[in-house]
Amino acid sequence: MTSQTPTSQTPKKLALINGANLHLLGKREPKIYGSTTLLDIEQRLTAHAKAHQIELCCFQSNHEGAIVDFIGESGLLSPTPIDGVIINPAAFTHTSVAIRDALAALDKPFIEVHLSNVHAREPFRSHSYFSDKAVGVICGLGDMGYDMALDWFIRHFSA
Ligand code: DQA
C-alpha cells in the first residue's frame, strides 16, 4: 500500500489576483505601468507555473466585493483550496480592509506586487493595507515583479 503524504511533488494551486484598472495594462499610462498586457502576464505565469506542477488561477476585477468573493471561494469554501496568492490589489491597496480581511481568513502566504514604485509617487500610495501581512512586497520592477513572486512560490513549495 502506498501512502499519500504531502511532498514537494503534491500539485499546488496559486491565485494571481489583480485589482482595479489592471485589465487596462498595456494601454493604461504605459510610462508608469509598461506596455505588457494583463493577458500576456497571465499566460506567461500560467506556463511557468505549469512547468513546476503549479496550477495558476488568474482573476481580475474592478470590484472589491468580487475579489473578496474570489478569495473566499477559492480558499476556505473550495474542496481544493489555493495554497498561496500573488496579488496586485491596485487602488484597493490603499483602501481595502475587506480584501485584507479575506486574505487573513484564507491564512495562506501572499505576495503583494506593484508594477510601479508606489513610494516614489503620491504620498497616499505609500500606505498599504496588505504589506504588514504579506510574506513579501515587490514594487517598481514592472511586470517582472509577478515573475519574481512566482519564483518565490516555486521555491517555497519545493522546500
Ligand atoms: C499599482 C499602484 C497603485 O497605487 C495603483 O492604484 C494601481 C497600480 C501598481 O501596480 O503600481 O492601480 O498597484
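Scoring rules and cut-offs
- Residues numbered from 1 in each chain as written.
- Predicted model: local features only at pLDDT ≥ 70, side-chain atom pairs only at ≥ 80, totals over all residues.
- Heavy atoms only, no water.
- Near = heavy atom within 4 Å.
- Polar contact = N/O pair within 3.5 Å; in protein donor to acceptor, adjacent residues only side chain to side chain.
- Areas by Shrake-Rupley, 256 points an atom, 1.4 Å probe, with all protein chains shown as cover.
- Nonpolar A, V, L, I, M, F, W, Y, C, P; charged D, E, K, R; others polar.
- Pairing = 2+ DSSP bridges.
- Helix = DSSP H or I, 4+ residues; strand = E, 2+ residues; numbered from the N terminus.
- Axes fitted to C-alpha atoms, helices over the stretch in contact; angles between N-to-C directions.
- Phe/Tyr/Trp six-rings, centres within 6.5 Å; stacked < 30°, edge-to-face > 60°.
- Buried < 20%, exposed > 50% of the residue type's maximum accessible area, 1.4 Å probe, protein only.
- Salt bridge = Lys/Arg side-chain N within 4 Å of Asp/Glu carboxyl O.
- Parallel < 35°, antiparallel > 145°, perpendicular 65-115°, else oblique.
- Left-handed = near helix turned anticlockwise from the far one by under 90°.
- Contact = heavy atoms within 4.5 Å.

S.K.: Looking at this structure, I do not really get the site of the ligand. What am I missing?
M.R.: In the region of the ligand, the neighbouring residues are Arg28, Tyr33, Asn88, Ala90, Ala91, His94, His114, Leu115, Ser116, Val118 and Arg125. Between the ligand and histidine 114 there is a distance of 2.8 Å, counted from an oxygen atom to a side-chain nitrogen or oxygen. A total of 320 Å² of accessible area belongs to the ligand in isolation, and the protein chains cover 99% of it. In the shell around the ligand, the residues fall into five nonpolar, four polar and two charged.

S.K.: For this particular structure, what's the right way to read the sheet that holds strand β5 (residues 136–139)?
M.R.: Remark on secondary structure: sheet strands pair via backbone hydrogen bonds, oriented parallel or antiparallel. Spatially, five strands are ordered β2-β1-β3-β4-β5 in an open sheet, and the strand pairing comes out parallel. Looking along the sheet, the strands with just one partner apiece sit at the ends: β2 (54–60) and β5. Averaged over all neighbouring strand pairs, the angle between strand axes comes to 15°, with direction disregarded. Bridge count for strand β1 (residues 12–18) against strand β3 (residues 84–88) is five bridges, and the pairing is parallel. Paired with leucine 16 across the two strands is isoleucine 86, which belongs to β3.

S.K.: Is there a simple way to think about the packing of aromatic side chains in this case?
M.R.: Here the distance between the centres and the angle between the planes together describe a pair of aromatic rings. Considering all chains together, one arrives at three aromatic pairs under this definition. Seen from their ring centres, phenylalanine 59 and phenylalanine 70 are 4.4 Å apart, and the 0° between their planes marks the pair as stacked. Highlighted residues: phenylalanine 59 in strand β2 and phenylalanine 70 in helix α3 (residues 64–74), separated in sequence by eleven residues. Since its relative accessible area comes to 16%, phenylalanine 70 is described here as buried. Judged by centre distance (5.6 Å) and plane angle (40°), the ring pair of phenylalanine 153 and phenylalanine 157 falls under tilted. Taken together, the residues phenylalanine 153 and phenylalanine 157, both in helix α5 (residues 144–158) and four residues apart, mark about one turn of the helix. Comparing phenylalanine 153 with phenylalanine 157 shows no difference in burial state: the two are buried. Each residue in the set Trp152, Phe153 and Phe157 is aromatic and connected to the rest through ring pairs, giving one cluster.

S.K.: Mind showing me how you'd approach the pattern of salt bridges here?
M.R.: Pairs can form between side chains of opposite charge whenever their charged atoms are close. With the rule as written, the count across this model stands at five salt bridges. Across the pair arginine 44 and aspartate 147 runs a salt bridge, and its minimum N-O distance is 2.5 Å. Placement of arginine 44 in helix α2 (residues 38–50) and of aspartate 147 in helix α5 is noted, with a sequence separation of 103 residues between them. Residue arginine 44 is classed as partly exposed on the basis of its relative accessible area of 32%. The class of aspartate 147 is buried, set by a relative accessible area of 18%. A salt bridge links arginine 100 to aspartate 132, with the nearest nitrogen and oxygen atoms 2.8 Å apart. Of this pair, arginine 100 sits in helix α4 (residues 97–106) while aspartate 132 sits in the loop between β4 (110–114) and β5, placing them 32 residues apart in sequence. Ionic contacts of the salt-bridge type, sharing partners, join the residues Arg44, Asp143 and Asp147 into one network.

S.K.: What should I look at first to understand the packing of α2 against α5 in this one?
M.R.: A pair of packed helices is characterised by two quantities: the angle between their axes and the separation of those axes. Put simply, α2 and α5 touch, their axes get as near as 11 Å, and they point 20° apart. When the axis of α2 is compared with that of α5, the two are roughly parallel. Note on packing geometry: the crossing formed by α2 with α5 is right-handed. Two secondary-structure elements touch here, α2 through Ile41, Arg44, Leu45, His48 and Ala49 and α5 through Tyr146, Asp147, Leu150, Asp151 and Ile154. Of the residues that constitute the contact of α2 with α5, the class distribution is six nonpolar, one polar and three charged.

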